[in-house]
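Spelled out, the chains give:
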Amino acid sequence: MAGGVGSTGGGVADGGYARPELLVETEWLAAHLDDPRLRIVDAEYPHAYARAHIPGAVGHASENVHLKTAAGEPFLMPPEQYAETVGRMGIGDDTAVVVYDGSSSLLAARFWWTLRYYGHTNVRLLNGGWHKWLLEGRPATMEVPKVEPARFTPRVDESVRTTCDLLVDAVGRDGVALLDVRNRSEYTGENTRGNQRRGHVPGAVHLEWTGFMTDDARKAFKPASELRSLLRERGVTPDKRVHVY
């Protein structure tokens, strides 16, 4: 998308990130709300989307915001089901996507990853999401946009996914880091989350996913230098292959 989200065009300050083009800032999105080549996705649950959202944003048609095969199951939708789901949201092969949520990017990052897994790389996270957007007094609406269904062609990219077999094989290997981003009590095994087994993968280090976000009302990603330091303290460095779970 020339001059648009595909090349960010100043969409995010570099900030020292290795891949700054994976984010866009609220200022950039506010200036591109009327761009017909852009699909804005609110990744929140339908009831939150119905209360208010960014003008022009589409939401999920069901409670299955994790895009899994079914409620309570761990696996991503198969290609045909996924293509139908995002196609109904107006996301086609050539659609530029910006996704956000009001959950410190938890749900938005999941949506972002599913698109990347199915080969759609023209997708960005809104840095700070709904929190930062509201904090800055930007427009909100309850109006649901009418979008034309689009044709989405899944092209699986296994390089962005870790399987249990890969994780088992990675345990104890040199040049590998295993990063557990659940909360501390899940990592230690104090919280079972209803699972039959508790604890963490042997050798895994811990940094809860919320630790990547600022502690203030913006809920944006921490500066690259701070993230790099947090990860380095745990042995997660650029020279290693990192498995996150």
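Residues numbered from 1 in each chain as written. Predicted model: local features only at pLDDT ≥ 70, side-chain atom pairs only at ≥ 80, totals over all residues. Heavy atoms only, no water.

**Focus: the overall build of the protein**
Rules: Helix and strand assignments come from DSSP, with helices taken as H or I runs of at least 4 residues and strands as E runs of at least 2, each series counted from the N terminus. Relative accessibility under 20% of the residue-type maximum defines a buried residue, over 50% an exposed one, and the middle range a partly exposed one, all with a 1.4 Å probe and only protein chains included. Contacts are assigned to residue pairs that have any heavy atoms within 4.5 Å of one another. What sets the accessible areas is the Shrake-Rupley method with a 1.4 Å probe; for residues, cover comes only from the shown protein chains. In this count, Lys and Arg are taken as positive residues and Asp and Glu as negative ones, while His and the chain termini are left out. To locate a charge, the coordinates of NZ of Lys, CZ of Arg, CG of Asp or CD of Glu are taken.
The secondary structure content of the protein amounts to eight helices and seven strands. By principal-axis analysis of the C-alpha atoms, the protein measures approximately 50 × 40 × 30 Å. Residues counted as buried form 42% of the 245 residues belonging to the protein. Sequence separation of 24 or more characterises 68% of the internal contacts of the protein that already satisfy a separation of 6 or more. Per element, the accessible surface of the protein, about 13000 Å² overall, is 52% carbon and sulfur. One finds the centroid of the 29 positive side-chain charges in the protein at a distance of 3 Å from the centroid of its 32 negative side-chain charges.

**Describing the side chain of Arg-124**
Stated precisely, the cut-off is as follows: Every case where a carboxyl oxygen of Asp or Glu lies within 4 Å of a side-chain nitrogen of Lys or Arg is listed as a salt bridge. Think of a polar contact as two N or O atoms within 3.5 Å of one another; within protein, one of them needs to be a possible hydrogen donor and the other a possible acceptor, and neighboring residues in sequence only count if both atoms come from side chains.
Assignment of secondary structure puts Arg-124 in strand β4 (residues 123-126). No salt bridge is formed by the buried Arg-124, whose closest oppositely charged neighbour, Glu-21, lies at an N-O distance of 7.0 Å. At a separation of 3.1 Å, a polar atom in the side chain of Arg-124 contacts the main-chain carbonyl oxygen of Thr-121.

**Some thoughts on the sheet that holds strand β1 (residues 23-24)**
For clarity, the threshold we go by: Two strands are counted as paired when DSSP detects at least two bridges linking them. Lines are fitted to the C-alpha atoms to define the axes, a helix being fitted only along its stretch in contact, and any angle between axes, read from their N-to-C directions, falls within 0 to 180 degrees.
Spatially, four strands are ordered β1-β4-β3-β2 in an open sheet, and the strand pairing comes out parallel. Each edge of the sheet is formed by a strand with only one pairing partner; in this case those strands are β1 and β2 (38-42). Where β1 lies against β4, two bridges are found, and the strand directions are parallel. Paired with Leu-23 across the two strands is Leu-125, which belongs to β4. Together, β2, β3 (96-100) and β4 form the strand contacts of helix α4 (residues 106-117), whose direction differs from that of β4 by roughly 175°.

**Considerations on the packing of aromatic side chains**
Quick reminder of the rule: Whether two aromatic rings pair depends on their centres lying within 6.5 Å, for rings of Phe, Tyr and Trp, where Trp uses its six-membered ring; planes under 30 degrees apart make the pair stacked, over 60 edge-to-face, and the rest tilted. Note on criteria: charge over ring means Lys NZ or Arg CZ within 6 Å of the ring centre, with the direction from the centre no more than 35 degrees off the ring normal.
Enumeration over the complete set of coordinates arrives at five aromatic pairs. Aromatic pair Tyr-82 and Phe-152: ring centres 5.8 Å apart, planes at 65°, arrangement edge-to-face. With a gap of 70 residues between them, Tyr-82 in helix α3 (residues 79-88) and Phe-152 in the loop between α5 (129-135) and α6 (164-170) connect regions that are remote in the sequence. An aromatic cluster is built from Tyr-82, Trp-113, Tyr-117, Tyr-118 and Phe-152, whose rings are joined through pairwise contacts. Sitting above the plane of the Trp-133 ring, Arg-138 keeps its charged end 5.8 Å from the centroid.

**Side note on unusual backbone geometry**
In the Ramachandran plot, Ser-104 falls in the positive-phi region, its phi being about 55° despite a non-glycine side chain. Within the secondary structure, Ser-104 sits in the loop between β3 and α4. Positive phi, normally seen in glycine, also occurs at Lys-219, with a value near 55°. Relative to the helices and strands, Lys-219 is located in the loop between β6 (205-206) and α8 (224-233). Judged by its relative accessible area of 25%, Lys-219 falls in the partly exposed class.

**Focus: the environment of Trp-130**
The topology assignment puts Trp-130 in helix α5. Among the residues examined, Trp-130 registers a relative accessible area of 16% and is labelled buried. Each C-alpha atom, one on Trp-130 and one on Asp-174, is 40 Å from the other, the two residues being 44 residues apart in sequence. Setting aside its immediate chain neighbours within four residues, Trp-130 contacts Ala-52, His-53, Ile-54, Tyr-100, Asp-101, Gly-102 and Ala-140.

**Quick look at the environment of Leu-178**
With respect to the helices and strands, Leu-178 occurs in strand β5 (residues 176-180). Take Leu-178: its relative accessible area is 6%, and that puts it in the buried class. The spatial distance from the C-alpha of Leu-178 to the C-alpha of Pro-36 is 41 Å, given a sequence separation of 142 residues. Those residues in contact with Leu-178 that lie beyond four places of it in its chain are Leu-167, Ala-170, Val-171, Val-201, Pro-202, Gly-203, Ala-204, Val-205 and His-243.

**Topic: the pattern of salt bridges**
On inspection of all chains with the given rule, the structure shows 13 salt bridges. The partner of Glu-158 in a salt bridge is Arg-161, with the nearest N and O atoms 3.1 Å apart. The class for Arg-161 is partly exposed, based on a relative accessible area of 31%. In the salt-bridge network here, residues are joined through shared partners; they are Glu-27, Lys-132, Glu-136 and Arg-138.

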